[in-house]
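Structural characterization, general
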Amino acid sequence: MIYLSITIVILFILLYYVPFFLWFAALVSGIQISLLDLIMMRIRKVPPAEIVKGLIAANKGGIKVSKEELETIFLAGCNIENIVHGMIAAKQNGLKLSFKNATKLDLEDIDIVETIMNKTENQSEFEKIQFE
């Protein structure tokens, strides 16, 4: 009975520090990240799920962002989702938004996606006024 309890505890600890399913999801989504990278994120108190979600979204949106960049901005207090989705929205609307500028906007507590959508809506209204 004691061996079963110890085995279960070790299994839970192992699954906490070795996020196998997260690694598999990243692999299936085309993200090259090792299990060791995910373990090191846990040790550094960086949530691997948030980093992997950001990498997957960036990859699917055609944005080039590294895991190191996402870890750095997380540790700086930035919202990874806001930055990545903002950069994707900018790209989809034909606007140029660098990773550095997106990070600056996020640090100023600006909702990047909303700002871009408002800008593109205002531009289209302006173009209607200008050309009609």
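Keep in mind that what you see is a predicted model, and the values were worked out from it rather than measured.

Glancing now at the packing of helix H4 (residues 48-60) against helix H5 (residues 67-75). Between H4 and H5, the least distance of the axes is 10 Å, while the angle of their chain directions is 130°. Relative to H5, the element H4 is oriented oblique. Crossing handedness for the pair H4 and H5: right-handed. Residues Glu50, Ile51, Gly54 and Leu55 of H4 form the contact with H5, whose own contacting residues are Lys67, Leu70, Glu71 and Phe74. When grouped by side-chain class, the residues that make up the contact of H4 with H5 number four nonpolar, one polar and three charged.

This brings us to the environment of Ile116. With respect to the element layout, Ile116 can be found in helix H8 (residues 112-131). Relative accessible area serves as the criterion here: at 8%, Ile116 is assigned to the buried category. In this structure, the C-alpha to C-alpha distance between Ile116 and Ala89, residues 27 residues apart in sequence, is 6.9 Å. Apart from residues no more than four positions distant in its own chain, Ile116 is found in contact with Gly86, Ala89, Ala90, Asn93, Leu95 and Leu97.

Definitions and limits used
- Residues numbered from 1 in each chain as written.
- Predicted model: local features only at pLDDT ≥ 70, side-chain atom pairs only at ≥ 80, totals over all residues.
- Heavy atoms only, no water.
- Axes fitted to C-alpha atoms, helices over the stretch in contact; angles between N-to-C directions.
- Helix = DSSP H or I, 4+ residues; strand = E, 2+ residues; numbered from the N terminus.
- Parallel < 35°, antiparallel > 145°, perpendicular 65-115°, else oblique.
- Left-handed = near helix turned anticlockwise from the far one by under 90°.
- Contact = heavy atoms within 4.5 Å.
- Nonpolar A, V, L, I, M, F, W, Y, C, P; charged D, E, K, R; others polar.
- Buried < 20%, exposed > 50% of the residue type's maximum accessible area, 1.4 Å probe, protein only.

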